[in-house]
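Structural description and commentary
Listed here are the chains, written in short residue letters.
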Amino acid sequence: MASRRHVIADDLRTQISTGRIKAGERLPSEAHLAARYAVSTPTLRSALAVLQGEGLVEKVHGRGNFVRHPVQRITYVGGGRTPDAQTATDAALRMTVRTTHLPARGDLPALLRVSASSPLTEFLCLSHEGKSPHSLARIYVPRDLAPADGPSESTLCEGVLVRLRELHPPLAEVQERVSARFPTPREAATLRISSAMPVLAVTRVATDTTGRVVEAARLVLPGDRADALFTHDTMSGDKRTEG
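Read on for a plain summary of the structure. The model shown is predicted, which means the values in this text are computed figures rather than measured ones.

Scanning the protein from terminus to terminus reveals 6 helices and 13 strands. The burial tally for the protein puts 43% of its 243 residues in the buried class. Accessible surface, the protein as shown: approximately 12,900 Å² in total, 53% of it carbon and sulfur.

Structural data, given as structure tokens:
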């Protein structure tokens, strides 16, 4: 099975790289491909999973498998004192925001240092490159810090976050935890990536000068399109060195 899977993946990969199957084009149905390669449907799907894991093919629920357009790489710039989901995106990407009011549950009370069921506002920010999802961010703030006039749907994520920054006291600290992991089924479905595609997961927690956690953000960046950059400034006398 493994050898047949790789033979099929190699053949489809060659057709994609040579332009015989073009970006944006839908592949033949899985049943048709299985018959063409004389394999079972599970073996065919295993071969497609290899290409999905490489970012060459995406499976759109209810529509089939499509050859992906070349994915724009982005750089998450860490170490900043200003929490801004736009650091995980590029200006060329389109951002949509969905706002939801919800009680603190799961690990959110510990993350934001609030009691269980405390009122929070969640901003779900999803960036798009063309019609394809690109990266995902969930931003949580205490309800009293959320803009009262914030939109339920918006394409101006940065405008929402600028408003948030205007509402709370100056920041004293931003902690970031970065890890590599596989996506949850929900994340894989939202981003249209294979469950075998590793993601860069970033958790940011911002604390103001009073010691209050004013914002917690979780960013999910697929590994085929994201890098992380952290710059540490050191001061020695009048000299400044960046490393």
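The discussion continues.
Turning our attention to helix 2 (residues 30–37). Along helix 2, the residues classified as buried are Glu-30, Leu-33, Ala-34 and Tyr-37. Down the axis of helix 2, the smallest arc covering the buried residues is 100°, so these residues share one side. Along helix 2, exposed side chains directed more than 90 degrees from the buried face belong to Ala-31 and Ala-35. Following helix 2 by one or two positions, Ala-38 adopts a phi angle in the positive range, close to 55°.

Time to look at the pairing of strand 1 (residues 57–60). Bridge count for strand 1 against strand 2 (residues 64–67) is 4 bridges, and the pairing is antiparallel. Of the residues in strand 2, the one forming a bridge with Glu-58 is Phe-66. Connecting the antiparallel pair strand 1 and strand 2 is a turn made up of 3 residues, with Gly-62 showing a positive phi of about 80°.

Next up on the list: the pattern of salt bridges. Between side chains of opposite charge, a pair can form as their charged atoms come close. Tallied over the entire structure, the rule returns 11 salt bridges. A salt bridge links Arg-13 to Asp-10, with the nearest nitrogen and oxygen atoms 2.5 Å apart. One end of the pair, Arg-13, and the other, Asp-10, are both in helix 1 (residues 2–17), 3 residues apart, so they sit about a helical turn from each other. Under the relative-accessibility criterion, Arg-13 is labelled partly exposed at 24%.

Interhelical geometry of helix 2 versus helix 3 (residues 41–53) gives an angle of 105° and a closest axis separation of 9 Å. With respect to helix 3, the element helix 2 is oriented roughly perpendicular. Of the residues in helix 3, those in contact with Glu-30, Leu-33, Ala-34 and Tyr-37 of helix 2 are Thr-41, Leu-44, Arg-45 and Leu-48. Here the contact of helix 2 with helix 3 is composed, by residue class, of 5 nonpolar, 1 polar and 2 charged.

Checked against the element boundaries, Lys-22 lands in the loop between helix 1 and helix 2. Along the primary structure Lys-22 and His-69 are separated by 47 residues, whereas in three dimensions their C-alpha atoms are 8.6 Å apart.

Positionally, Pro-185 belongs in helix 6 (residues 185–191). On the basis of relative accessible area, Pro-185 is assigned to the exposed category, the value being 72%. Taking C-alpha positions, Pro-185 is 6.7 Å from Ser-195, a pair spaced 10 residues apart along the chain.

Spanning 13 residues, helix 3 covers 18 Å between terminal C-alpha atoms, matching the ideal 18 Å at 1.5 Å per step. Within the sequence span of helix 3, burial applies to Thr-43, Leu-44, Ser-46, Ala-47, Leu-48, Leu-51 and Gln-52. With its phi angle positive at about 80°, Gly-55 sits one or two positions after the end of helix 3.

By size, the foremost hydrophobic cluster in this structure holds 17 residues, and its most contacted members are Phe-123, Cys-125, Ile-139, Leu-219 and Leu-221. Mapped onto this core, the elements with two or more residues apiece are strand 3 (74–78), strand 4 (94–103), strand 5 (119–129), strand 6 (132–142), strand 9 (199–208) and strand 10 (213–222). In this structure, Ala-9, Val-39, Ala-47 and Leu-48 belong to the second largest nonpolar core, which totals 16 residues.

This brings us to unusual backbone geometry. One non-glycine residue, Arg-113, adopts positive backbone phi at about 55°. Positionally, Arg-113 belongs in the loop between helix 4 (108–112) and strand 5. For Ser-117, which is not glycine, the phi torsion reads 75° and is therefore positive. Of note, Ser-117 is situated in the loop between helix 4 and strand 5.

Criteria and cut-off values
Residues numbered from 1 in each chain as written. Predicted model: local features only at pLDDT ≥ 70, side-chain atom pairs only at ≥ 80, totals over all residues. Heavy atoms only, no water. Helix = DSSP H or I, 4+ residues; strand = E, 2+ residues; numbered from the N terminus. Buried < 20%, exposed > 50% of the residue type's maximum accessible area, 1.4 Å probe, protein only. Areas by Shrake-Rupley, 256 points an atom, 1.4 Å probe, with all protein chains shown as cover. Arc of directions from axis to C-beta. Pairing = 2+ DSSP bridges. Salt bridge = Lys/Arg side-chain N within 4 Å of Asp/Glu carboxyl O. Axes fitted to C-alpha atoms, helices over the stretch in contact; angles between N-to-C directions. Parallel < 35°, antiparallel > 145°, perpendicular 65-115°, else oblique. Contact = heavy atoms within 4.5 Å. Nonpolar A, V, L, I, M, F, W, Y, C, P; charged D, E, K, R; others polar. Expected span 1.5 Å × (residues − 1). Core = buried A, V, L, I, M, F, W, Y, C linked by side-chain atoms within 4.5 Å.

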